[in-house]
Amino acid sequence: MSVFARRIAVVLVIVLLTLSSTSVFADKSKVRQITTIAAKSQKAISVKETGTQELPLGEERLESNPQTENAPEFPQQNPTQNPQEAQPDINPQDPLPETTTIPTPTLLHARTISDTEIHLEWQIVSISETIKLYEIFCNDQLVGTATGDQYNFTVTGLAPATTYIFKIRAQGQDNSLSDYSEALSASTLQPVAIPLSPPTQLRSDVQSDTTINLSWKVSTDVPTTTSVTYEIYMNDVLAASVPGNETFYTLTGLTPGTSYSLKMRTVAEDSAVSDFSESIIVSTLSGKVVYEFENMPAVTNTGEAPNLLENSQFSAGLLANYPADQLGDFVEFPFTATQGIYDLELRMEKSSEGGIIKILIDGEPVTQTLDLYEIEERTDSVVTLPIRLDDKAEHTIRFEVTDKNANSAGYSLGLDAMYLSVSSLDTYEPNDAPETATVMNVSQLYESYISSSTDRDFYKLSVGQSNTYFLTLLAPNGTKYRLDLFDANLQPLAVKQIVNGQDTDLSVYLVQNSVIYLKVSVADGMPISSDPYRLRWSISPLKQYTYDDANRLVRTEYEQGLYRYQTQYDYDRNGNLLKRTTVKTQLNP
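Residues numbered from 1 in each chain as written. Predicted model: local features only at pLDDT ≥ 70, side-chain atom pairs only at ≥ 80, totals over all residues. Heavy atoms only, no water.

(A) Molecular detail of the overall build of the protein chain. Helices and strands together make up the secondary structure of the protein chain, namely two helices and 41 strands. Burial status across the protein chain gives 40% buried among its 589 residues. A separation of at least 24 residues holds for 66% of the contacts in the protein chain among residues at least 6 apart in sequence. As presented, the protein chain carries roughly 33400 Å² of accessible surface, and 49% of it is formed by carbon and sulfur atoms. (Helix = DSSP H or I, 4+ residues; strand = E, 2+ residues; numbered from the N terminus. Buried < 20%, exposed > 50% of the residue type's maximum accessible area, 1.4 Å probe, protein only. Contact = heavy atoms within 4.5 Å. Areas by Shrake-Rupley, 256 points an atom, 1.4 Å probe, with all protein chains shown as cover.)

If you want it as structure tokens, here you go:
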């Protein structure tokens, strides 16, 4: 080996020993310096089999070796690196590459959870630190994202029994995107029918002439996550839909005196329905005029005005609560009604805060006092009072606080509704038309009332045998009644006016199987009376005759119409008639 070659070898050994004692990557400038020295050293050496030649260190040209000229070329290694882990020559100031290749997610698979959810899982990309997120696509629509270290996602809000196509892709920190994963199909489940039960204990505690209150117990088997409504059917027709948290409803706009078949069922938000509840038959009131206090206008009161309370136990579902707070407080409601005698029914709430009140109709008391305090029972109380209304165009009813029960906490009044009906003294109602006429029997006494200026009482007599019939009508004092007689075709036969407690008698020959109608009414413009009228048919009487020992007629007796007639005959010693006296006695019912 020449002197020059030995010098180069020594230099290389020194360099290698120096690098072995320090980190190759501690200082990149040293790596570049060493690399430069090694390169210049290689340029300064040319090995030939025929001999060696020493060249200056700065020479750029090297003689080629004939034996290595055609050998395959390999990239030069940095002499400071481990040959197994070659590192690039990197400058900290150099920019990062503009694009990075993101691996495609693999092993995508699905698991169906329900009729609206599918769960997806996949294999995390091995270099997860370079992944910012995964994009999840359903039928080519982006439906969600997962973080780079997440390997699952649940797709929700899907349609039941439906097949969907899913795929995902990764997004790098530099926003570069991978290819899509292989597409995967998955289907949601068939919807599971939720067993629903109808409401229970359907009932109606309160009715008016045009409203029916319904109450029920809610269904107990409805899942808390399911929203339901209740459907109310009236005569098999849907009448109302009520939210699932309600327990009563008021049907309105109904026909007075009519029966309705009512039932209910539960309907879920997915349109599932329960069976129907048991039907109930409920009738609206008839023969009554209903006034709901919460709807009556032009209320006059002291203190605070009435406020409304809602409850299934109240007529039409509402109550007017008058918060009286001292003695003398009152609330007054106007109402209209025709002249007549009525039964007044008041629905009022008993309460631990109820006061003691008096009730006045048109300024006149109709009861002593009512104590609305009731600590044990706080349901509606119905009070029935007989009243008489004159011919005023408008009437008033006033509730006035007169006292307070010692145990009551206040003076308040719970006013629900009032009903006016023809007085129960009007015995044979309804008989306001020939179709509803009261059937009469011969010799039976009928006693009844004309309860209002528009009241008409019809009676019907079917003749059992041909004979002369007598009819007597007795009118009450202080008014004028009218009696009309009609044949079977309602053609008038006779008209009679009866005034001031007088009576009238009619006698008429009637043929067997014929029909006669009577109509009793108050004459136009005349007041009604709180006293009854009396009416009786009789046939030609059978008279009873009484004789004395001398075979002289001393007494005759018979009944005709409303009366028993007794005639007494008095004679002198010689048998001459001195006096005849007739006594007329009214028959008892």
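(B) Representation of the sheet that holds strand β39 (residues 553–560) within the structure. One open sheet accounts for four strands, arranged β38-β39-β40-β41; its pairing is antiparallel. Looking at which strands have only one partner, the edges of the open sheet turn out to be β38 (544–547) and β41 (577–586). Looking at each pair of strands side by side, their axes are set apart by 15° on average, direction ignored. Note that β38 and β39 share four bridges and pair antiparallel. Its bridge partner being in β39, Tyr 547 is matched across the sheet by Leu 553. (Pairing = 2+ DSSP bridges. Axes fitted to C-alpha atoms, helices over the stretch in contact; angles between N-to-C directions.)

(C) Focus on the nonpolar core. Core analysis: the biggest nonpolar cluster contains 31 residues, and Phe 293, Leu 346, Ile 397 and Phe 399 have the highest contact counts within it. Mapped onto this core, the elements with two or more residues apiece are β20 (318–322), β21 (330–335), β22 (340–349), β23 (356–361), β26 (380–389), β27 (395–403) and β28 (413–422). Setting aside chain neighbours within four positions, we find Phe 293 in contact with Ala 320, Phe 333, Leu 346, Ile 397, Phe 399, Leu 415, Asp 416, Ala 417 and Met 418. (Core = buried A, V, L, I, M, F, W, Y, C linked by side-chain atoms within 4.5 Å.)

(D) Quick peek at the side chain of Ser 521. Assignment of secondary structure puts Ser 521 in strand β36 (residues 515–522). When near neighbours in sequence (up to four residues on either side) are disregarded, Ser 521 contacts Ile 450, Asp 455, Arg 456, Tyr 481 and Arg 482.

(E) Representation of the pairing of strand β33 (residues 480–486). For β33, the tally of buried residues reaches five of seven residues, placing the bulk of the element in the interior. Relative to β36, β33 is paired through six bridges, and the arrangement is antiparallel. Bridging across to β36, Phe 486 finds its partner in Tyr 517.

(F) Geometry of unusual backbone geometry. In this structure, Gln 201 takes a positive phi of about 55° despite not being glycine. Looking at the secondary structure, you find Gln 201 in strand β10 (residues 200–203). Although it is not a glycine, Asn 513 sits at a positive phi angle of roughly 70°. Assignment of secondary structure puts Asn 513 in the loop between β35 (503–510) and β36.

(G) Region of the structure containing the pattern of salt bridges. Inspection of every chain in the model, using the stated rule, returns 18 salt bridges. Across the pair Glu 447 and Arg 534 runs a salt bridge, and its minimum N-O distance is 2.8 Å. Of the two residues, Glu 447 is situated in strand β30 (residues 445–448) and Arg 534 in strand β37 (residues 533–539); the sequence distance between them amounts to 87 residues. A salt bridge links Glu 559 to Arg 536; the shortest N-O distance between them is 3.4 Å. A residue pair is termed long-range when its members are at least 10 positions apart, and Glu 559 in strand β39 and Arg 536 in strand β37 qualify at 23 residues. Glu 559 gets classed as partly exposed once you look at its relative accessible area, which sits at 28%. The exposure class assigned to Arg 536 is buried, which follows from its relative accessible area of 5%. Bridged by salt links that share partners, the residues Glu 332, Arg 398 and Glu 400 form one connected network. (Salt bridge = Lys/Arg side-chain N within 4 Å of Asp/Glu carboxyl O.)

(H) Region of interest: the packing of aromatic side chains. Per the stated rule, a full pass over the model turns up 16 aromatic pairs. Consider the rings of Phe 293 and Phe 333, whose centres lie 4.8 Å apart with planes at 50°: the pair is tilted. Of this pair, Phe 293 sits in the loop between β17 (288–292) and β18 (300–301) while Phe 333 sits in strand β21, placing them 40 residues apart in sequence. In this pair, the class of Phe 293 matches that of Phe 333, namely buried. An aromatic cluster is built from Phe 293, Phe 333 and Phe 399, whose rings are joined through pairwise contacts. Note that Lys 167 overlies the ring of Tyr 180, its terminal NZ or CZ placed 4.1 Å from the centroid. Sitting over the ring of Phe 330, Arg 398 keeps its end group 3.8 Å from the ring centre. (Phe/Tyr/Trp six-rings, centres within 6.5 Å; stacked < 30°, edge-to-face > 60°. Lys NZ or Arg CZ within 6 Å of the ring centre and 35° of its normal.)

(I) Focus on the confidence of the model for the protein chain. Residues at a pLDDT of 70 or more form 79% of the protein chain, whose mean pLDDT is 80. Note on residues 20–99: pLDDT under 50 across the span, and 48 contacts to partners over four residues away in sequence or across chains. Between residues 375–379, whose pLDDT stays under 50, and residues either more than four places distant or in other chains, the model counts eight contacts. (pLDDT = per-residue confidence, 0-100.)

(J) Spatial organisation of the sheet that holds strand β9 (residues 184–187). Spatially, β6-β5-β8-β9 is the arrangement adopted by the four strands of the open sheet, whose pairing is antiparallel. Across the chains shown, the open sheet's two edge strands, defined by having one partner strand only, are β6 (141–147) and β9. Averaged over all neighbouring strand pairs, the angle between strand axes comes to 30°, with direction disregarded.

(K) Region of interest: the pairing of strand β13 (residues 237–243). Direction of pairing for strand β12 (residues 228–234) relative to β13: antiparallel, over a ladder of six bridges. Note that in β13 the partner of Thr 229 across the bridge is Pro 243. A loop of two residues connects β12 with β13, the two strands running antiparallel in sequence, and Asn 235 in this loop sits at a positive phi of about 55°.

(L) Summary view of the environment of Pro 198. Counting through the fold element by element, Pro 198 comes out in the loop between β9 and β10. A relative accessible area of 17% places Pro 198 in the buried class. When the C-alpha positions of Pro 198 and Ser 277 are compared, they lie 5.5 Å apart, and in sequence the two are 79 residues distant. The residues touching Pro 198, leaving out its near neighbours within four places in the chain, are Ser 219, Met 264, Arg 265, Thr 266, Ser 274, Asp 275, Phe 276 and Ser 277.

(M) Seen up close, the environment of Ala 268. With respect to the helices and strands, Ala 268 occurs in strand β15 (residues 259–268). For Ala 268 and Ser 227, which are 41 residues apart along the polypeptide, the C-alpha to C-alpha distance reads 6.0 Å.

(N) Focus on the environment of Ala 183. By secondary structure assignment, the location of Ala 183 is in the loop between β8 (163–172) and β9. Ala 183 sits 18 residues away from Ile 165 along the chain, and the two C-alpha atoms are 6.4 Å apart. Residues contacting Ala 183, with those up to four places away along its chain left out, are Ile 165, Phe 166 and Lys 167.

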